[in-house]
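# Overview (structure and organization)
If you want the building blocks of each chain, they are given just below.
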Amino acid sequence: MLLDFYLLDVSYEVVSQEPHIIIWGVSRDGKRVLLRDKRFRPYFYAILREKASAEAVARKIISLSERSSPLIKVEPVEKKFYGKPVNALKITTVIPEYVRKYREKVKEIPEVVEVVEADIRFSLRYILDHHLRPCGWHRAEVEARGRNPSYKVEEEYEVKGEINPLEDWSTPELRIMAFDIEVYNETGTPKPERDPVIIIGVLTSNGVFKQFLADGFNDKNAIIEFTRFVQTYDPDIIVGYNSNRFDWQYLLERASVLGLKLDVGRKKDSPPSTSTYGHVSIAGRLNVDLYDFAEEIPEVKIKSLDVVADYLGVMKRESRVLIDYVDFPKYWNDPSKRGLLLKYNEDDVRSTMGLADKFLPFAMQLSYITRLPLDQVGAASVGYRLEWFLMHEALLNNELIPNREEKEAETYKGAVVLTPLKGIHENIAVLDFTSMYPNIMIKYNVGPDTIEKPDGCSIASHYIAPEVGHCFRREPPGFFKNVLSMLLSLRKLLRSEMKKYPPTSMEYRLLDERQKAVKILANATYGYMGWLGARWYCRECAEAVTAWGRTIITAVINRAREMGLKVIYGDTDSLFVENDPVKVRSLVEYVERELGFEIKIDKVYERVFFTEAKKRYAGLLTDGRIDIVGFEAVRGDWTELAKEVQENITSILLKEKNVDKAVEYVKTVIANLMQNKIPVEKLIIWKTLTKKIEEYDVESPHVSAARKLEKKGLKIDVGDKVGFVIVKGAGKISERAEPFNLAKDPRLIDVNYYIEHQVVPAALRILEYFGITENDLRKITSTAGRKSLFDYLGKH
DNA sequence: CTAATGTCCTC
DNA sequence: TCTGAGACATTAG
C-alpha cells in the first residue's frame, strides 16, 4: 500500500544484529505513525590510487570482514571527488557502529588514498540517500504492521518500496507542548542531588495549561505526573527555553537521584539523551530549544526569556510576574507568596509557547531546506546547516563528500572599506550589490573543485583572480556555482510564488520563511569556504572572492567619480552616493552592462552624518526613521544612558538641525546624573566573558566583576554576560567595577565616571562635528548665575 | 606615550 | 562551530 506521511524525525535501532531505520511521522488522517525500514545498511567509500586494481583492493578489504558485522558488499563505484572521476570502492557493512572500525583498517591499505563519508551518522545518511525532507510530506510503499506495544504510535508500517518526497506545502495539525521547570535553591547554583524541582509548568497548543508541584520538597510525584502528562498529550514537538542545557539535564539528573525513569519519548524505556550539537534528543518527538533561535537576534543583548518575549511582542515585561531565582525559596516557603511563583512559572510557559509561534515556522523551513531534523537544526551552527545542505547537493552531483580535516589557520585580505567624507550630507542614495559574493562565485566559477595550479593557467580557459592570481577553470560549472545558481533562482521562484498569495495566508508565510532560509544559506557560502571546520574549506577560494569584490567595487567607485557623482562612503558591496537620479541610473546600467553584476538603490537618506570613522554613521531616511549604524547607541557594551543620549541628540540634529537644543539636552542629563536621578539600571555596562576567568591576561572591568560574582558563590560560565556598574573610590576602573546586583546602593555609584566615560564621549562623538567641545557640555548655561559643573565637581 | 588585549558591530 | 575589516575602551609597561 501507499502511505502519505509528514516527516518528523528519523532514528535507528539495532534489532537482533540488524539495523532498522525508524521514521517518525504523521499520516494524512492525523495518526502518529512509525515506518520501519529494515533494508538500509551503513557504508562508506575508499578512494584508491588511480592505477590500483579495484578488484584486488576489494578482496583485501573483504578479508577484513568480522562476523559480528560482516562486510556485505565491496563494489567499485563511479564517483567524482572535487569534480574529477575517481577510482573508488563502496564498502557496506551491517552494524552502523562498525563503520568507524572498518574505516581505520581500510585506511591502512597502501592502495587506499583516502576514506570518505565514514563519519556521517546513520539516520542522517538515510535522510540524504532517500532525499527526505524533515517537515515535509512523502509517499512510501509500505505494509501495515498494526500496533507495536514498544512504541507510542497508532500504527507501524514496514517500508517495502520507494519513499518519495511530495510537492505539498500543507502542514498537519501538530501537537506542540511548551514546558518550563523551576528549581528550589538557596545558594544560586541548584544541585540535583539536593534541590528538588518545585514546579513543572506545561502548556499545549490546544490551550491546556497545567502545573505539577512538588509536595514541599518532595518532587517525585511531580516528575511522575509530568511524564504521564507528556505520554497522554503525546506532543510531536516539545519546546522549552534553554531546555537543552538546563531543564532536560536537570530533570534527567533529578530522575536518576529519585530512581525514576524519565519516560517521555515515543519509544519505551528510552529516556532523553544528549546528542549532536549538544541538543537533547527524545525518541519520536522533536525537542526544540527556542533559546537557539533567540541567540540569533543580535539586537537583543540579554537573552532571558522575559526580555526576548517582550522584544517579539509575545508578552510585555511590565504585565508579567518576574522573580529572581535566588528568591524562589522565599516564595515557595511562604503560602501567601507561593501563588506569585506559580504565576511566574505560568508566564514563562506562556512566553515559551509564544516564542514557538514566532520561531517554529522559520525553523521548520530551515529544517526542510537543510534536511536536518527540526530538533537539530536550531542547535547546529550556520556552518553545519549549510554543510548538510551541501552534502545532499554533493550526492545529487555524484560527488564524494570530503572529510573535515585539521588545518593551519591562514588569514587573507578582506573587503574594501572607504574612509567616509565626514560631516552631514543631504539626499544620499545607498547602492547595494545584489548577493555580491555568491554572484562572484557563480560568475568566476569559484570553488575547491575548479581551482587549479598556476602553471597551465591561461586566460582563455580560466578565470584569474585579480591581485592574488588564483586560477579557476571556466568549464565545466563547479559544485559551488551549481549550488549557488540553484539557491539564487530558487529564492527568486519562491518570492514570485509568494506574491500569488495574500500576505496573511499560510502559503505566503511559509514561502516567505522558506525564501529567508534559502537566502541565509546563499549568503553563508563564501564565509563557509574560509571556515577552518568546513569540509569544502578553500582559503584560496575565499581569498579570490574578496579580491574580485575589491576590484569590482573599486571600478564602480572610479566610474562614479568619472561621471561626477560624488561618493560619500562605501563598504564591501555598498556605495553611498549623491542621489542624482540620472547619474545613478547610468551607474547602475554600467554595473549591469560592463561588469555583469546587479546593483540596486537600497535606501535613500534625506540626511546622513559621518565622523571620520568607518562603519559608523547615522541617517534620516525619507520615511522619517532614524538609522544609527555602528555608533555607541547600537552597541551592547555601553550604558542605556549613554545610548539614549546619543540616540536623542542624533535625532535632534538630523531632524531639527538644532545644535543648541542637543547641547541643552545633554546638560540636563548630566545634571540629573549628578543629582542621582538616573535609575541604576541605566548605568549598567554589559560585557560577555569569552573565556574562562582564569584565562584572561588583562584584568578588565567585566573580568573583575565576574570574579566578584564568583566569590559570592555564583557560577560564571564562558559566554555569560556580566553586568556591572562603576562605584566611587580610588584605583583602576576594573577595581571599581561591581556586579550590578551586588551594588544596590545608588549613592555609591561613581557619577563622574558616567559623565566622563559614558555620557560625554557618546555625545561628543556626534556633537564635536558641530563645533561642540567638552567644556560646552559641562558648563551650565549662564542663566541665573548658577554654579558651573566644575565648581560642583570641585574641578579646575 | 605605545602596544596589546578584549569586545562588539558591519558588511 | 561562516569571513576579514574596523572602532574603541582599558590595561600594562
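Residues numbered from 1 in each chain as written. Chains lettered and ligands numbered in written order. Predicted model: local features only at pLDDT ≥ 70, side-chain atom pairs only at ≥ 80, totals over all residues. Heavy atoms only, no water.

### Digging into the confidence of the model for chain A
Summing up the model confidence of chain A, the mean pLDDT is 92 and the portion of residues at 70 or higher is 97%. Low pLDDT, under 50, characterises residues 782–796; the stretch is placed with 18 contacts to residues that sit more than four places away or in other chains. (pLDDT = per-residue confidence, 0-100. Contact = heavy atoms within 4.5 Å.)

### Examining the sheet that holds strand E2 (residues 18–27)
Pairing is mixed around the closed barrel formed by five strands, whose spatial order is E1-E2-E3-E9-E8. On average, adjacent strands in this sheet sit at an angle of 45 degrees to one another, irrespective of strand direction. With five bridges connecting them, strand E1 (residues 2–15) and strand E8 (residues 137–146) associate as antiparallel partners. Its bridge partner being in E8, Leu3 is matched across the sheet by Ala140. Contacts between helix H3 (residues 122–129) and the sheet are confined to E1, E2, strand E3 (32–37) and strand E9 (155–165), with E1 contributing the most and set at about 150 degrees to the helix. (Pairing = 2+ DSSP bridges. Helix = DSSP H or I, 4+ residues; strand = E, 2+ residues; numbered from the N terminus. Axes fitted to C-alpha atoms, helices over the stretch in contact; angles between N-to-C directions.)

### What to know about the UniProt feature "domain: DNA-directed DNA polymerase family B exonuclease" (unreviewed entry) in chain A
When the UniProt feature table is mapped onto this chain numbering, "domain: DNA-directed DNA polymerase family B exonuclease" (unreviewed entry) sits at residues 114–206 and 219–296. Across residues 219–296 one finds 44% helix and 15% strand; the C-alpha atoms that close the span lie 35 Å apart. (UniProt positions renumbered as here; feature names shortened; annotations may be inferred.)

### Quick notes on the protein's contact with DNA strand C
Every one of the 29 residues lining DNA strand C counts as a neighbour, but Ser381, Gly383, Tyr384, Gly414 and Tyr753 are closest to it. What you see for DNA strand C is that sugar and phosphate hold 87% of its atoms within 4 Å of the protein. Put simply, the parts of the chain that give the surface near DNA strand C at least two residues each are helix H11 (382–396), helix H14 (506–529) and helix H20 (751–767). For the surface near DNA strand C, the leading source of residues is H14, giving four residues. Across the surface near DNA strand C, the residue classes tally to 15 nonpolar, seven polar and seven charged. (Near = heavy atom within 4 Å. Nonpolar A, V, L, I, M, F, W, Y, C, P; charged D, E, K, R; others polar.)

### Topic: empty space enclosed by the protein
Scanning the model with the defined rule gives three cavities of 30 Å³ or more in all. What lines the largest cavity is Leu673, Asn676, Ile678, Val680, Leu683, Pro746, Ile749 and Val751. Here the lining of the largest cavity is built from residues that sort into seven nonpolar, one polar and no charged. Size it by volume and the second largest cavity reaches roughly 50 Å³. As for the second largest cavity, its lining consists of Phe81, Tyr82, Ala394, Glu399, Leu400, Pro402, Asp449, Phe479 and Trp536. The residue makeup of the lining of the second largest cavity, split by class, is seven nonpolar, no polar and two charged. (1 Å grid on protein atoms, 1.4 Å probe; cavity = no way out; pocket = protein on both sides within 12 Å on 5 of 7 lines; lining within 4 Å. Points joined across faces, edges and corners; volume = space filled by probe spheres on them.)

### Here's the deal with the side chain of Thr352
As for its position among the elements, Thr352 is in helix H9 (residues 335–370). Here the side chain of Thr352 touches Asp348 through a polar contact of 2.7 Å, landing on its backbone oxygen. (Polar contact = N/O pair within 3.5 Å; in protein donor to acceptor, adjacent residues only side chain to side chain.)

### Looking at the side chain of Glu13
For Glu13, the position within the fold is in strand E1. Residue classification places Glu13 among the buried residues on the basis of a relative accessible area of 14%. In terms of polar contacts, Glu13 uses its side chain to reach the side chain of Arg36, at 3.5 Å. A distance of 2.3 Å separates the side chain of Glu13 from the side chain of Tyr151, its partner in a polar contact. Excluding residues that lie within four positions of it along the chain, Glu13 makes contacts with Glu18, Pro19, His20, Ile22, Arg36, Tyr151 and Lys267. (Buried < 20%, exposed > 50% of the residue type's maximum accessible area, 1.4 Å probe, protein only.)

### A word on the environment of Ser243
Structurally, Ser243 can be placed in helix H5 (residues 243–258). Overall, Ser243 belongs to the buried group, its relative accessible area being 0%. Residues Ser243 and Leu290 lie 47 residues apart in sequence; the distance between their C-alpha atoms is 8.2 Å. Sequence-distant contacts of Ser243, defined by excluding residues within four places in its chain, comprise Phe179, Trp248, Gln249, Asn287, Val288 and Asp289.

### Re the packing of helix H13 (residues 479–498) against H14
Contact geometry of H13 with H14 gives a least axis separation of 9 Å together with a crossing angle of 155 degrees. Comparing their axes, H14 and H13 come out roughly antiparallel. In this structure, H13 meets H14 at a crossing whose hand is left-handed. Each of Phe480, Leu484, Leu487, Leu488, Leu490, Arg491, Leu494, Arg495, Glu497 and Met498 in H13 lies in contact with H14, whose residues at this interface are Tyr508, Leu511, Asp512, Arg514, Gln515, Val518, Lys519, Leu521, Ala522, Thr525, Tyr528 and Met529. (Parallel < 35°, antiparallel > 145°, perpendicular 65-115°, else oblique. Left-handed = near helix turned anticlockwise from the far one by under 90°.)

### Thoughts on the domain arrangement of chain A
Domains assigned within chain A are domain 1 (2–38 + 134–155), domain 2 (176–370), domain 3 (423–478 + 524–621) and domain 4 (635–793). A C-alpha centroid distance of 36 Å is found between domain 2 and domain 4. With five residues of domain 2 at the interface, the matching set in domain 4 holds seven residues. Contact between domain 2 and domain 4 buries roughly 470 Å² in total, counting both sides, with carbon and sulfur atoms accounting for 63%. Taken together, the connections running from domain 2 to domain 4 amount to zero salt bridges. Run the count over domain 2 and domain 4 and you get zero residue pairs in polar contact (both at pLDDT 80 or more). (Domains from an automatic or database assignment. Buried area = accessible area lost by both parts, 1.4 Å probe. Salt bridge = Lys/Arg side-chain N within 4 Å of Asp/Glu carboxyl O.)

### Observations regarding the state of the cysteines
Tallied over the full model, the rule gives two disulfides. Disulfide partner of Cys457: Cys471, at an S-S distance of 1.9 Å. Here Cys457 and Cys471 share a disulfide; its torsion about the S-S bond, 95 degrees, makes the bridge right-handed. With Cys457 in the loop between strand E18 (451–452) and strand E19 (462–464) and Cys471 in strand E20 (residues 471–473), this residue pair connects regions lying 14 residues apart in the sequence. By relative accessible area, which is 1% here, Cys471 ends up buried. One disulfide in the model links Cys538 with Cys541; its S-S distance is 2.1 Å. Between Cys538 and Cys541 the disulfide shows an S-S torsion of about 70 degrees. By sign, it is right-handed. Each member of the pair, Cys538 together with Cys541, is buried. Of note for chain A: the bonded cysteines, numbered N- to C-terminal, pair according to 1-2, 3-4. (Disulfide = S-S within 2.5 Å.)

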